[in-house]
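Chain by chain, the residues run as shown.
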Amino acid sequence: YLQPTSLFGDDYSEQNINFARMASQIELPSGGASENTAEVYDHLLDNGKKSSKNEPGLLQRIMLRVDEQVSVKLLLKVWGPRLEFFIRCMLVTIFLEDSVGMASHFSEQVGQFGSSSFGVVAVTLGLLVQSIASLGLLAKPSLGHVWCPLLIGWEVLQPALYGQLTNFELVCGSLSIVGGLCLLMAHLQKESDSGEGKSSAQREMDTFRVESTELAGRLLLPSTYLYQAWLFLSMVMVSRDTSGVMDYLSKFSGSVVSAALLVILTIGCLLIAVGLRSRTVALGLAILNIAFVCYEHPIWSFISYGGGEWKVNDAKMWMPTVSLADSADLQIDPWQVYDIHKYYFFLGLSTSGALLLLTHYGPGKMALQQNELVLPTVSRAQD
């Protein structure tokens, strides 16, 4: 056979070889070409993928700096269980605080019920359930299928027992904590259920029950923010009857701020409910909720120590939201007002703990985005 060089000469052979080299570089820009050539063709042939040479974001750069000093993967492995324990402590603070209040003011608690015998039974039951189940969740979380239903039952029953069903702030806060308990119970069930000795139908039923519990917890979790959104909506829709220009401007600016907060809270609640960017949204709401609770119920500024005893500065306190009995001669002790503020403060901490549970565990399988990364993935070069 004749070689190509015999027909077309050496020039054609060299041109053919150069063309083949160029074609191989275009087809595999990141495989066989040099780095500069690969970057050029990756930029020109934009297929929707980001180049590996793109600058990392701010959070990514921070994590990389931290990872240069100490392994982030090792930190998460060591501090992950401790963080989970801290979040569980936040979740049960309201139950521990309420049980301590019941024990220290047992007679006053019983006096809130019409029948003394019924009051003794109700207060004793609440004291035992909250203290034992809360400490059980901290010391023996493997029995979460026992402790969580007890706390859920009491949290649902308590507003009805104390006549606070019309106190929507308390009811919505209680529903958020119930949502957090549902998330915790579902996670503990997944950890304790090995599936050994069960049929496929039983395993499918257990999986469906766990996923349904996660979904119910995620839907109940933003209840307290739906109440806040309703408050902001009422501020927006309030009548704007004004007596002057300055009054009109102040009310208009307040309505704009309320409308903005209404939109933010509504979008956040919807994202948590459907499970889209829910871990990031829950983390942001948990931080904002702690700041709001510290602003709305600063219990440390309401008391002072002097003359060998603690005193309440009732001039600094205001009356929080609570349903009171209709009585013209109703007298409220300043310490009772302080106890109400303290209850709402720990209720807010527990709500933030419930939100952090969603950030820590994730939204579950019945969500639009199951595998959401809160922190960027980093790896050390020497690992």
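From a predicted model like this one, the values you see are computed outputs, not experimental measurements. (Residues numbered from 1 in each chain as written. Predicted model: local features only at pLDDT ≥ 70, side-chain atom pairs only at ≥ 80, totals over all residues. Heavy atoms only, no water.)

Here's the deal with unusual backbone geometry
Next, step 1: One non-glycine residue with positive phi stands out, namely Arg277, at about 50°.
Next, step 2: Inspection of the secondary structure assignment puts Arg277 in the loop between helix H11 (245-274) and helix H12 (278-296). (Helix = DSSP H or I, 4+ residues; strand = E, 2+ residues; numbered from the N terminus.)

Quick notes on the environment of Ala122
Next, step 1: For Ala122, the location among the structural elements is in helix H6 (residues 116-139).
Next, step 2: Under the relative-accessibility criterion, Ala122 is labelled buried at 7%.
Next, step 3: Placed twelve residues apart in sequence, Ala122 and Val110 show a C-alpha to C-alpha distance of 8.1 Å.
Next, step 4: Not counting residues within four places of it along the chain, the set of residues in contact with Ala122 comprises Phe113 and Trp154. (Buried < 20%, exposed > 50% of the residue type's maximum accessible area, 1.4 Å probe, protein only. Contact = heavy atoms within 4.5 Å.)

What to know about the packing of helix H8 (residues 168-192) against helix H13 (residues 334-361)
Next, step 1: Axis separation between H8 and H13 bottoms out at 9 Å; the angle between their running directions is 35°. As H8 runs across H13, the sense of the crossing is left-handed. Of H13, the residues touching H8 (which contributes Glu169, Leu170, Gly173, Ser176, Ile177, Gly180, Leu183, Leu184 and His187) are Tyr343, Tyr344, Leu347, Ser350, Thr351, Ala354, Leu357, Leu358 and Tyr361.
Next, step 2: When the residues that make up the contact of H8 with H13 are grouped by side-chain class, the tally is eleven nonpolar, six polar and one charged. (Axes fitted to C-alpha atoms, helices over the stretch in contact; angles between N-to-C directions. Left-handed = near helix turned anticlockwise from the far one by under 90°. Nonpolar A, V, L, I, M, F, W, Y, C, P; charged D, E, K, R; others polar.)

A closer look at the pairing of strand S1 (residues 303-306)
Next, step 1: In this structure, S1 lies alongside strand S2 (residues 309-312), joined through four bridges in antiparallel fashion. Among the inter-strand pairings, Ile303 is bridged to a residue of S2, identified as Val312.
Next, step 2: Connecting S1 to the next strand, S2, in antiparallel fashion are two residues, including Gly307 with a positive phi near 65°. (Pairing = 2+ DSSP bridges.)

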